[in-house]
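# Observations on the three-dimensional arrangement
Listed below are the residues making up each chain.
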Amino acid sequence: MKTTLLAALGLTLASVCNLALAGPTLDRIEKNGELVNVLMENYPPFSFLNDQNQLDGFDVDVAKAVADKLGVKLRLETPSWDVIAAGRWNGRYDICICSMTPSQARAQVFDFPVTYYASPAVIVVNASDDRIHSAKDLSGLKVGVTSASSYEGYLNKDLVIEGAEDKPLVYPFDAVQVAPYDNDTVAFHDLALGAGVRLDAILTNLVTAQPRIDQDKRFKLAGDALYAEPNAVAIEKDDAEWRAKVESVFAELRQDGTLAAISKKWIGSDISQ
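Just so it is clear, the model here is predicted, and its values are computed rather than measured. (Residues numbered from 1 in each chain as written. Predicted model: local features only at pLDDT ≥ 70, side-chain atom pairs only at ≥ 80, totals over all residues. Heavy atoms only, no water.)

## Topic: the pattern of salt bridges
Should their charged atoms come close, side chains of opposite charge can pair. Scanning the model with the defined rule gives 13 salt bridges in all. Between K265 and D61 there is a salt bridge whose closest N-O contact spans 2.8 Å. Placement of the pair is K265 in helix α8 (residues 258–266) and D61 in helix α2 (residues 58–70), with a sequence separation of 204 residues. On the accessibility criterion, K265 (55% relative accessible area) is exposed. R243 is the salt-bridge partner of D111, the closest N and O atoms lying 3.9 Å from each other. Of the two residues, D111 sits in strand β6 (residues 110–111) while R243 sits in helix α7 (residues 240–255), which places them 132 residues apart along the sequence. By relative accessible area, D111 is classed as buried at 13%. The partly exposed category is assigned to R243, whose relative accessible area is 27%. Members of the salt-bridge network, linked through shared partners, are D111, K237, R243 and E247. (Salt bridge = Lys/Arg side-chain N within 4 Å of Asp/Glu carboxyl O. Helix = DSSP H or I, 4+ residues; strand = E, 2+ residues; numbered from the N terminus. Buried < 20%, exposed > 50% of the residue type's maximum accessible area, 1.4 Å probe, protein only.)

This is the structure:
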């Protein structure tokens, strides 16, 4: 009888310990049976509405793979980027697999367990524009960016990429007129009107820009890439157990080739390395 009681007590303590180890986020995910990922609705090829009016893209597939590894359903939420990047979600969202660049400012409210792809930041101009050949030519011009993005920080000359503090960025331009947009799509619409009509240039991700340039001859790249932009998974700060679980899941997705396959599907090459 004593042995039975001790065994039962041991199981109870083990259950309590396991619950504690789960952490608040993982505990919520397991309790609800779903992973809530937050991302942008209009950021192709990473996240966008397809012909069936369903969210699709690189980030969507990665989020699905993470939910599968966790054995739960996936729910996608698409608030504005300002809301996503501000953090302090208070449990509304579990994770941001949403192409976020880690910066010192964002590290105040987020943890970044893993970098899951990287791509260059580039300048896009109207194809008729012969004024802009590099970043130094942006001085005094109006440049479109996604609001609260790393590109806005770059144009404001205050971007410090978390984990790359020893590689300070170069800002070869004078003051720029920064034009923040909710998403790249609207910015490209404005740039398509002509050089300097509403915008002089757009600063964005090469991976998202290249398909638009290939499909629409009104756009072209101007100069070389400005900096390599790491894109990380973001979670709320100070949840060590959830951070460790995310790191573990992404290690599995790399090892079994899932990340590489998703990358080749959407990008045409493996940018997850």
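Having seen the structure, we can now continue with the description.
## Some remarks on the packing of aromatic side chains
Enumeration over the complete set of coordinates arrives at 16 aromatic pairs. Taking 5.7 Å as the distance between ring centres and 75 degrees as the angle between the ring planes, the aromatic pair formed by W89 and Y93 counts as edge-to-face. A relative accessible area of 8% places Y93 in the buried class. In this structure an aromatic cluster arises from ring pairing among Y43, F46, F58, Y116, Y117 and F250. (Phe/Tyr/Trp six-rings, centres within 6.5 Å; stacked < 30°, edge-to-face > 60°.)

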